[in-house]
Amino acid sequence: MPTPTGQLATLGGVETLLNKTLTAPTITASDWTTATHAHTSDATGGAVSAGALTRAGGNTTEATTTSTTIVSLLTVASLNIPSLTPILGIASLKKTAGAAASASVGLTVNATVPREPVAWSSTANEADWGYVKYTIPPHDVTYKGGGCIEVSGTVGGLASIRGATYADYLPNAATTSFILNALVGNASVTMGADELHVYVLAVS
Amino acid sequence: MLCIFKTPLEPTGTIGGDGLAKVRAKRPAGDVQLGVEAAIGKCHHGPDIQFRKEGAKRLTLATAIVVKRRADGSKVNDTEAASAKAQPKPFFDALYTEEAVTTVTGEIADAALNRVKVSPSLVKPNGSPVTLADFPENFAFGNGTTVGVKVRLKDSAEPVALSWCLLEGPVADAVLADAGRYEALRQLMEE
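(A) Region of interest: the overall build of chain A. Along chain A, the regular secondary structure elements total zero helices and eleven strands. Helices (α) and strands (β) of chain A occur, in sequence order from the N terminus, as β-β-β-β-β-β-β-β-β-β-β. For chain A, buried positions account for 38% of its 204 residues.

Quick look at the structure:
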């Protein structure tokens, strides 16, 4: 036993230990709540490299409309995504009752409209909710489009996949803005869209 | 006449997908529209009217069957299309596809509709008034009433939440002739 020059630690006591090196320790507790482990650096649990999916931008403020022609409802600007980088987008949708009419959703990339709005809801006089998912593939002067708008909604309270629609003729340029377009079939119906998030997929 | 306003936002008490406190317009577009049409007058709901950055347009929809080359998706001219269709179907299908294409053309609508009034409370960071030129390219306002659209205007660092309604011509005339009527509209849209 070394000659004591400070305080001694006890096996069951709650004590703060300084300057100790543990060799091959076994940690049996599963609660790491109090450990600083943000994984942003070696000092915080080890840095974790970026995943395959990165959020490039979004719009988290709900917008609503009664427009029966296309309106730019949710905009994500200040993007700079190379045209050969795959992009995913997703947003939540809702429609109120008020008339027997559907609600539709579309897309504008930069100043190009690759797809006019497609119906995502039922045509019944009922409140519906659903989502839209965008898939924008790598594209250039040769591979012009093939993007996809997948929409889903509810009918009588039951969710159903409405289907997917091609988005043609994507601009041969970096994506700088991403706009969710919308319209309703009757002005007595209100369509809402919220939580539009745009992601890029890793390419290396 | 397109009337543009700032949107009153209030916290929802939840956290948005971006991790920030979520805010939302006090009233959805349908409720705002009911108030506007009861107190001020009719909004334009015609499915052939769309207000865009370039102005109010009267739309014409035309659907036609076009023939495209299967190799690159390009549209063929009428002469080649007729020649292609004269081939036996398996040969046509191997080289071409047919697709229904709807084209939308828009002519600037009448002057009564093609007017814009921006709320005096909506100004750019340098204090100058907002105009349609400050909106992104290809921006569409549609018709009826729209609420809570966040737009990054030209020369602005942060997006601003906007609402707008498209008033029918006679209603717009009445609003422009009576400051009190416009103020009532502004309160419905901004407060």
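Following the structure, the description resumes.
(B) Representation of the interface of chain B and chain A within the structure. The partner chain A presents 33 residues to the 35 residues of chain B that form the contact. For the side of chain B that touches chain A, the leading source of residues is strand S9 (residues 145-151) of chain B, giving seven residues. The residue inventory of the side of chain B that touches chain A, partitioned by class, reads 15 nonpolar, 14 polar and six charged. Of the strand pairs in this sheet, strand S2 (residues 63-65) of chain A and S9 of chain B are connected by two bridges, and their pairing is antiparallel. If you follow Thr 65 of chain A over to S9 of chain B, its bridge partner there is Thr 146 of chain B.

(C) Summary view of the nonpolar core. Ranked by internal contacts, the top residues of the largest apolar core, which has 69 residues, are Leu 180, Ala 182 and Ala 193 of chain A together with Cys 3 and Leu 167 of chain B. The leading source of residues in this core is strand S10 (residues 178-184) of chain A, at six residues. Not counting chain neighbours up to four residues away, the residues in contact with Leu 167 of chain B comprise Met 1, Cys 3, Gly 41, Cys 43, His 44, Ala 172 and Val 175 of chain B.

(D) Focus on the environment of Asp 31 of chain B. Residue and element names in this part refer to chain B. In this structure, Asp 31 sits in helix H1 (residues 29-39). Residue Asp 31 is classed as partly exposed on the basis of its C-beta count, with 16 C-beta atoms lying within 10 Å. When the C-alpha atoms of Asp 31 and Thr 145 are compared, they prove to be 9.6 Å apart, with 114 residues separating the residues in sequence.

(E) Local environment of the domain arrangement of chain B. Domain annotation for chain B reports domain 1 (2-54 + 110-190) and domain 2 (60-106). On a C-alpha basis, the centroid separation for the pair domain 1 of chain B and domain 2 of chain B is 41 Å.

(F) Region of interest: the environment of Tyr 134 of chain A. Residue and element names in this part refer to chain A. Its location among the elements puts Tyr 134 in strand S7 (residues 128-136). With 16 residues separating them in the primary sequence, Tyr 134 and Glu 150 have C-alpha atoms 6.4 Å apart. Sequence-distant contacts of Tyr 134, defined by excluding residues within four places in its chain, comprise Leu 88, Gly 89, Leu 107 and Ile 149.

Calculation criteria
- Residues numbered from 1 in each chain as written.
- Chains lettered and ligands numbered in written order.
- Predicted model: local features only at pLDDT ≥ 70, side-chain atom pairs only at ≥ 80, totals over all residues.
- Helix = DSSP H or I, 4+ residues; strand = E, 2+ residues; numbered from the N terminus.
- Buried ≥ 20, exposed ≤ 12 C-beta atoms within 10 Å, placed from the backbone.
- Contact = placed C-beta atoms within 7 Å.
- Nonpolar A, V, L, I, M, F, W, Y, C, P; charged D, E, K, R; others polar.
- Pairing = 2+ DSSP bridges.
- Core = buried A, V, L, I, M, F, W, Y, C linked by C-beta atoms within 7 Å.
- Domains from an automatic or database assignment.

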